[in-house]
Amino acid sequence: GAVVSQHPSRVICKSGTSVKIECRSLDFQATTMFWYRQFPKQSLMLMATSNEGSKATYEQGVEKDKFLINHASLTLSTLTVTSAHPEDSSFYICSARDGGTGANVLTFGAGSRLTVL
Amino acid sequence: GENVEQHPSTLSVQEGDSAVIKCTYSDSASNYFPWYKQELGKGPQLIIDIRSNVGEKKDQRIAVTLNKTAKHFSLHITETQPEDSAVYFCAASRDLGNAGNMLTFGGGTRLMVKP
């Protein structure tokens with residue numbers, strides 16, 4: 001089945017630095033990928049929709065200058081948390097849709113846990 | 001927009017018993033309803049899904065039912081095992097074939113299966 005790889009799985013950084021998280025579709029092409037944020041014991045909150053070759057669409061309340069999304073190819077989307085602060089610490093998850101199978105199901109990455117000191 | 005409510009938030013069952021998780025949705029145009037299992041520190045894994053043209057779907061110990069009139073759908077796990085312990089999320093969406101349509105998740109249910 002479809003596989004989505006997310007890297008790194010864990011990252012610890014100092015306040016004020018930027019962190020990049022990669023999301024790759026390993027065996028299919030994904031024109032659209034989604035980025036979610038998940039706080040402990042809570043549901044997934046959609047942050048933005050990443051569109052290959054165009055600008056990402058951000059959900060209300062998500063700062064686009066804070067969370068930079070780049071979808072430069074059909075298999076890779078990146079999320080960069082700029083000037084990270086402790087309140088940005090969270091579990092970030094990406095997902096991609098494998099439209100090629102016709103089932104249009106979403107496959108999720110394993111998530112990236114960001115801790116900002 | 002779509003709103004998905006999920007109940008219960010926590011569920012504890014004895015190994016071998018059945019577990020039922022229920023969700024309601026608000027958008028009558030939603031037609032795709034997946035269920036995800038999330039283990040600690042991992043991303044959600046699709047375990048079963050149902051589309052609005054069917055009322056029930058079963059895969060071994062897992063089944064999902066859908067009542068479009070009442071706008072609710074349920075996950076049923078029979079003969080539960082300790083490895084079924086995880087957080088389960090329901091979700092709803094209009095046709096995912098349209099890139100603009102996204103999943104709306106329920107709040108999650110923490111299932112604990114006691115051996």
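Scope of this entry: the structure provided in the associated data block. Only a predicted model underlies this, so the values are computations on that prediction, with no experimental measurement involved.

Parameters at a glance
Residues numbered from 1 in each chain as written. Chains lettered and ligands numbered in written order. Predicted model: local features only at pLDDT ≥ 70, side-chain atom pairs only at ≥ 80, totals over all residues. Heavy atoms only, no water. Salt bridge = Lys/Arg side-chain N within 4 Å of Asp/Glu carboxyl O. Buried < 20%, exposed > 50% of the residue type's maximum accessible area, 1.4 Å probe, protein only. Disulfide = S-S within 2.5 Å. Helix = DSSP H or I, 4+ residues; strand = E, 2+ residues; numbered from the N terminus. Pairing = 2+ DSSP bridges. Axes fitted to C-alpha atoms, helices over the stretch in contact; angles between N-to-C directions. Core = buried A, V, L, I, M, F, W, Y, C linked by side-chain atoms within 4.5 Å. Contact = heavy atoms within 4.5 Å. Buried area = accessible area lost by both parts, 1.4 Å probe. Polar contact = N/O pair within 3.5 Å; in protein donor to acceptor, adjacent residues only side chain to side chain. Nonpolar A, V, L, I, M, F, W, Y, C, P; charged D, E, K, R; others polar.

## Some points on the pattern of salt bridges
The full count for this structure, using the stated rule, is seven salt bridges over all chains. With a shortest N-O distance of 3.4 Å, Arg24(A) and Glu22(A) are connected by a salt bridge. When the shortest N-O distance is used, the salt bridge between Asp49(B) and Lys57(B) registers 2.9 Å. Note on Asp49(B): relative accessible area 11%, which makes it buried. It is possible to trace a salt-bridge network through shared partners that takes in Lys37(B), Glu39(B) and Lys42(B).

## Concerning the state of the cysteines
Residue and element names in this part refer to chain A. A full pass over the atoms with the stated rule returns two disulfides over all chains. A sulfur-sulfur separation of 2.0 Å characterises the disulfide bridge that pairs cysteine 23 with cysteine 94. Looking down the S-S bond of the cysteine 23 and cysteine 94 bridge, the torsion is 80°, so its handedness is right-handed. Taken together, the residues cysteine 23 in strand β3 (residues 19-25) and cysteine 94 in strand β9 (residues 90-97) connect sequence positions 71 residues apart. The pair cysteine 23 / cysteine 94 is uniform in exposure class, with both members buried.

## Examining the sheet that holds strand β3 (residues 19-25) of chain B
Residue and element names in this part refer to chain B. Taken together, the five strands give an open sheet; going across it, the order is β1-β3-β8-β7-β6, and neighbouring strands pair in antiparallel fashion. Among the strands making up the open sheet, the edge pair consists of β1 (4-7) and β6 (56-59). Sheet twist, expressed as the average angle between the axes of neighbouring strands with direction ignored, equals 15°. Bridge count for β3 against strand β8 (residues 72-77) is six bridges, and the pairing is antiparallel. Opposite alanine 19, over in β8, you have isoleucine 77 as the bridge partner.

## Things to note about the nonpolar core
Of all hydrophobic cores here, the largest spans 24 residues; its most connected members are Trp35(B), Phe73(B), Leu75(B), Tyr88(B) and Leu111(B). Broken down by secondary-structure element, the contributors of at least two residues to this core are β2 (10-14), β3, β4 (32-38), β5 (45-51), β7 (62-67), β8, β9 (86-92) and β11 (109-114) of chain B. Setting aside its immediate chain neighbours within four residues, Tyr88(B) contacts Gln6(B), Ile21(B), Tyr36(B), Lys37(B), Ile47(B), Leu75(B), Ile77(B), Gly108(B), Thr109(B) and Leu111(B). Counting 23 residues, the second-largest nonpolar core is a separate cluster that includes Val11(A), Ala30(A), Met47(A) and Val116(A).

## Re the sheet that holds strand β1 (residues 4-7) of chain A
Residues and elements named next belong to chain A. Strand order in this open sheet of four strands is β1-β3-β8-β7, and the pairing throughout is antiparallel. The open sheet terminates on both sides in strands that have one partner only, identified here as β1 and β7 (67-73). Pairwise comparison of adjacent strand axes, ignoring direction, gives a mean angle of 15° for this sheet. Two elements, β7 and strand β8 (residues 76-81), share five bridges in a ladder whose sense is antiparallel.

## Considerations on the interface of chain A and chain B
Taken together, the contact between chain A and chain B spans 21 residues of the former and 22 residues of the latter. Where chain A abuts chain B, roughly 1600 Å² becomes buried across the two surfaces, and 58% of that area is made up of carbon and sulfur atoms. Across the chain A-chain B interface, the total number found is zero salt bridges. At the junction of chain A and chain B, the tally comes to four residue pairs in polar contact (both at pLDDT 80 or more). Elements with a contribution of two residues or more to the side of chain A that touches chain B: β4 (32-38), β5 (44-51), β9 and β10 (106-108) of chain A. Here the side of chain A that touches chain B takes four residues from β4(A), the largest share from any one element. In terms of residue class, the side of chain A that touches chain B is built from 11 nonpolar, seven polar and three charged.

## With respect to the pairing of β9(A)
Residue and element names in this part refer to chain A. A large share of β9 lies buried, amounting to eight of its eight residues. Here β9 shows no split at all, with Ser90, Tyr92, Cys94 and Ala96 on one side and Phe91, Ile93, Ser95 and Arg97 on the other all buried. Bridge analysis of β4 against β9 gives six bridges, and the strand direction is antiparallel. Each residue of the ladder has a partner; that of glutamine 38, found in β9, is phenylalanine 91. Relative to strand β11 (residues 112-116), β9 runs antiparallel, the two sharing three bridges. When the bridges of β11 are listed, serine 90 appears paired with leucine 114. For β9 and β10, the ladder comprises three bridges, and the chain directions are antiparallel. Note that in β10 the partner of arginine 97 across the bridge is leucine 106.

By themselves these figures say nothing about function.
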